[in-house]
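Observations on chain architecture
Residue strings, one per chain:
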Amino acid sequence: MSGHGDPIPMTSRPSGPLKGEANVPGDKSISHRSLILGAMAVGETRITGLLEGQDVLDTAKAMAAFGADVERLGEGEWRVHGVGVGGFAEPDQVIDCGNSGTGVRLIMGAAATSPIAVTYTGDASLNKRPMARVTDPLALFGTQTVGRSGGRLPMTLVGADEPVPVRYVVPVPSAQVKSAVLLAALNVPGETVVIEQEATRDHTERMLAGFGAEISTEVTDEGRVITLKGQPELKPQDIIVPRDPSSAAFPVCAALIVPGSDVLVPNIGLNPTRAGLYFTLQDMGADLTFENMREEGGEPVADLRARYSPDMKGIEVPPERAASMIDEYPILSCVAANATGQTVMRGVKELRVKESDRIDAMATGLRANGVEVEDGPDWWIVTGKGPGTVPGGGLCESHLDHRIAMSFLCLGMAAQKPVKVDDAGPIATSFPIFEPLMARLGAQIVRDNH
Ligand code: S3P
């Protein structure tokens, strides 16, 4: 499990052009949801292209602990024989979700309306993250929680015996909170309504519809009003997981800042609730093209081509775009450091409660590499001095955060001196093939001797 092993320090050296195809792994958000909804359906769900990162493997293990039959058939090929809505058994062990906020929050929701007691824990990063944002709405269904102070893991949830439907306005832009409430609502008689003021990723809604639940979304003055009819019989599905746009961001952004690069990322998911980074890069002047736009398994998909873009300019990123690119701000800040002028990122308070405080982790590491960064509670500004102007030479702490580690390794590819990361081990949570994939493109990342 990430965070439990020895640190893996790495150094990324300035590299020659990155060229070729980057076959990034399956989408993390969709992978978690495939396993959880597969476990809640009656019969056998087949999943192709599942991300086999540690976060998702922890969710697979959890679904088995709740009584589903979960089996790996081959690379990315899984079958889940589900127990049906309301069919979860009480696990006889603590559910350890490792580094994964998505895993633990979605599973808490899925189990919250069955009369079982479940204890959850995670690694040092996850055990610091706020869980009240999920346990508060679950309490409305009748779920009881006992946890550490500040609503932190480890914590035990006792599922509601006779859950009642709820109407809940999600107070923070969070797909995890929305999804936890929707998954809880599955085992509740009547209609549950979830309202979000800002649109967040909608994979749960799409997949619930695919599994045969009665779910509708209406856009009103209040926001997106999602209505789910409880106690459906979910029908097993064949799911093809698109490649993860959040993982694709690393080879794509590296290609934009390393001279002479030309990288193609086939088959990436381009759900509009996830694609904000790519619009932002285009607004900055990046040479990005979307080829073969199509739909697969209910999700928009395309092949994305990125070429070296020396003329990128800093911009004010529209704050209303934040939810659709929330995981991509760390790598965007590395592109911004190679653009000309200021990139202003506002309305991003949520970055402070991810696997790490991502504003603080990136600002500190960028400064250690000679980049000017200002930051406040929910904003930060990176001043770029143009392509190839990042001095580098700094040591960056990843804080058990995969995206921080990958961002700094990409920064090093375009910096004047190598960039070091104290622990790149967490990359295995979401992008286990990052090192060989980047090496094939031409990156020079080496593991340092301890
Ligand atoms: C996710 C939602 C986002 C995102 C995370 C995955 C999901 O978190 O940062 O990586 O799969 O629902 P929040 O819901 O906390 O914004």
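None of the values given here were measured: they were computed from a predicted structure.

Each helix and strand counted, the protein has twelve helices and 24 strands in total. In terms of its C-alpha atoms, the protein occupies a principal-axis envelope of roughly 60 × 45 × 45 Å. Going through the 450 residues of the protein one by one, you find that 60% of them count as buried. In the form shown here, the protein has an accessible surface area of approximately 15900 Å², with 49% of it arising from carbon and sulfur atoms. Here the protein contributes 40 positively and 57 negatively charged side chains, and the mean placements of these two sets differ by 4 Å.

On to the pattern of salt bridges, then. One pass over the structure, following the stated rule, counts 35 salt bridges. Here glutamate 355 ties to arginine 129 by a salt bridge, and the two come within 3.8 Å at their closest N and O atoms. One end of the pair, glutamate 355, is in the loop between β19 (340–346) and α10 (358–368); the other, arginine 129, is in the loop between β7 (117–121) and α4 (132–141), and 226 residues separate them in sequence. Arginine 129 shares its class with glutamate 355; the two are buried.

Relative orientation of the contacting elements helix α1 (residues 28–40) and helix α2 (residues 54–65) amounts to 5°, with a least axis distance of 10 Å. By the criterion of interaxial angle, the relationship of α1 to α2 is roughly parallel. Residues Lys28, Ser31, His32, Leu35, Ile36 and Ala39 of α1 touch α2, and the partners they reach there are Asp55, Val56, Thr59, Ala60 and Met63. Taken together, the residues of the contact of α1 with α2 sort by class into six nonpolar, three polar and two charged.

The subject of this paragraph is the site of the ligand. By nearness alone, every residue bordering the ligand is listed as Ser29, Arg33, Thr102, Pro173, Ser174, Ala175, Gln176, Arg201, Ile326, Asp327 and Lys354. Here an oxygen atom of the ligand sits 2.7 Å away from a polar atom, N or O, in the side chain of serine 29. One nitrogen or oxygen atom from the main chain of alanine 175 is found 2.9 Å from an oxygen atom belonging to the ligand. Protein chains bury 95% of the 380 Å² of accessible surface belonging to the ligand in isolation. Breaking the shell around the ligand down by element, the ones donating at least two residues are α1 and α5 (175–185). Residue classes in the shell around the ligand are distributed as three nonpolar, four polar and four charged.

This part takes up the sheet that holds strand β13 (residues 223–229). Strands sit in the order β10-β11-β13-β12 across an open sheet of four strands; the sheet is mixed. Two strands close off the open sheet at either side, each with one partner strand: β10 (167–170) and β12 (215–220). Geometrically, the sheet is characterised by an average inter-axis angle of 20° between neighbouring strands, direction not taken into account.

Moving on to helix α12 (residues 434–441). Listing the buried residues of α12 in full gives Phe434, Leu437, Met438 and Leu441. One side of α12 carries all its buried residues, which in axial view fall inside an arc of 95°. Elements that come into contact with the buried residues of α12 comprise β2 (19–21), α7 (245–257), β15 (262–269), α11 (402–413) and β24 (444–447). Looking one or two places after α12, you find glycine 442, whose phi comes out positive at around 120°.

Right, let's talk about α7 for a bit. With 13 residues, α7 should cover 18 Å at 1.5 Å per step; its first-to-last C-alpha distance of 18 Å lies within 8% of that length. Counted residue by residue, α7 has 13 buried out of 13 residues, so it is predominantly covered. The backbone nitrogen of serine 246 has a side-chain oxygen 2.7 Å away, supplied by the residue at the start of α7, namely aspartate 244.

Tallying each qualifying case throughout the model produces three aromatic pairs. Judged by centre distance (4.6 Å) and plane angle (25°), the rings of phenylalanine 66 and phenylalanine 88 are stacked. Separated by 22 residues along the polypeptide, phenylalanine 66 in the loop between α2 and β4 (69–74) and phenylalanine 88 in the loop between β5 (77–83) and β6 (95–96) bring together distant segments of the chain. Here phenylalanine 66 matches phenylalanine 88 in class, with each residue buried. An angle of 90° between the planes, with centres 6.5 Å apart, marks the rings of phenylalanine 250 and phenylalanine 434 as edge-to-face. Taken together, the positions of phenylalanine 250 in helix α7 and phenylalanine 434 in helix α12 put the pair 184 residues apart, joining distant regions of the chain. Of the residues examined, phenylalanine 250 reaches a relative accessible area of 1% and is grouped as buried. Three or more aromatic residues link up through ring pairs in this structure, and these residues are Phe250, Phe431 and Phe434.

Between α1 and helix α6 (residues 203–210), the least distance of the axes is 10 Å, while the angle of their chain directions is 35°. In this structure, the crossing between α1 and α6 has a hand that is right-handed. Here Ser29, Ile30, Arg33, Ser34 and Leu37 of α1 come into contact with α6, specifically with His203, Thr204, Met207 and Leu208. For the contact of α1 with α6, the per-class residue count stands at four nonpolar, four polar and one charged.

In this structure, serine 356 sits in the loop between β19 and α10. The exposure class assigned to serine 356 is buried, which follows from its relative accessible area of 9%. Leave out the neighbours within four places in its chain, and serine 356 touches Leu351, Ala361, His399, Asp401 and Ile404.

Now for the environment of phenylalanine 88. Of the residues examined, phenylalanine 88 reaches a relative accessible area of 7% and is grouped as buried. Separated by 26 residues in sequence, phenylalanine 88 and serine 114 place their C-alpha atoms 7.1 Å apart. Filtering out sequence-adjacent residues up to four positions away, phenylalanine 88 remains in contact with Ala39, Met40, Met63, Phe66, Val83, Ala110, Ala111 and Ile116.

Either a parallel or an antiparallel arrangement is found when strands of a sheet pair, and the pairing is made through backbone hydrogen bonds. Strand order in this open sheet of four strands is β2-β15-β17-β16, and the pairing throughout is mixed. Unpaired on one side and paired on the other, β2 and β16 (287–296) mark the two borders of the sheet. Direction aside, neighbouring strands of the sheet carry axes that sit 15° apart on average. Pairing between β16 and strand β17 (residues 299–307): eight bridges, direction antiparallel. Residue pairing in the sheet places aspartate 287 in a bridge with arginine 307 of β17.

The rules behind these values
Residues numbered from 1 in each chain as written. Predicted model: local features only at pLDDT ≥ 70, side-chain atom pairs only at ≥ 80, totals over all residues. Heavy atoms only, no water. Helix = DSSP H or I, 4+ residues; strand = E, 2+ residues; numbered from the N terminus. Buried < 20%, exposed > 50% of the residue type's maximum accessible area, 1.4 Å probe, protein only. Areas by Shrake-Rupley, 256 points an atom, 1.4 Å probe, with all protein chains shown as cover. Lys, Arg positive; Asp, Glu negative; His and termini not counted. Charge placed at Lys NZ, Arg CZ, Asp CG, Glu CD. Salt bridge = Lys/Arg side-chain N within 4 Å of Asp/Glu carboxyl O. Axes fitted to C-alpha atoms, helices over the stretch in contact; angles between N-to-C directions. Parallel < 35°, antiparallel > 145°, perpendicular 65-115°, else oblique. Contact = heavy atoms within 4.5 Å. Nonpolar A, V, L, I, M, F, W, Y, C, P; charged D, E, K, R; others polar. Near = heavy atom within 4 Å. Polar contact = N/O pair within 3.5 Å; in protein donor to acceptor, adjacent residues only side chain to side chain. Pairing = 2+ DSSP bridges. Arc of directions from axis to C-beta. Expected span 1.5 Å × (residues − 1). Phe/Tyr/Trp six-rings, centres within 6.5 Å; stacked < 30°, edge-to-face > 60°. Left-handed = near helix turned anticlockwise from the far one by under 90°.

Function cannot be read off these values alone, since they describe shape.
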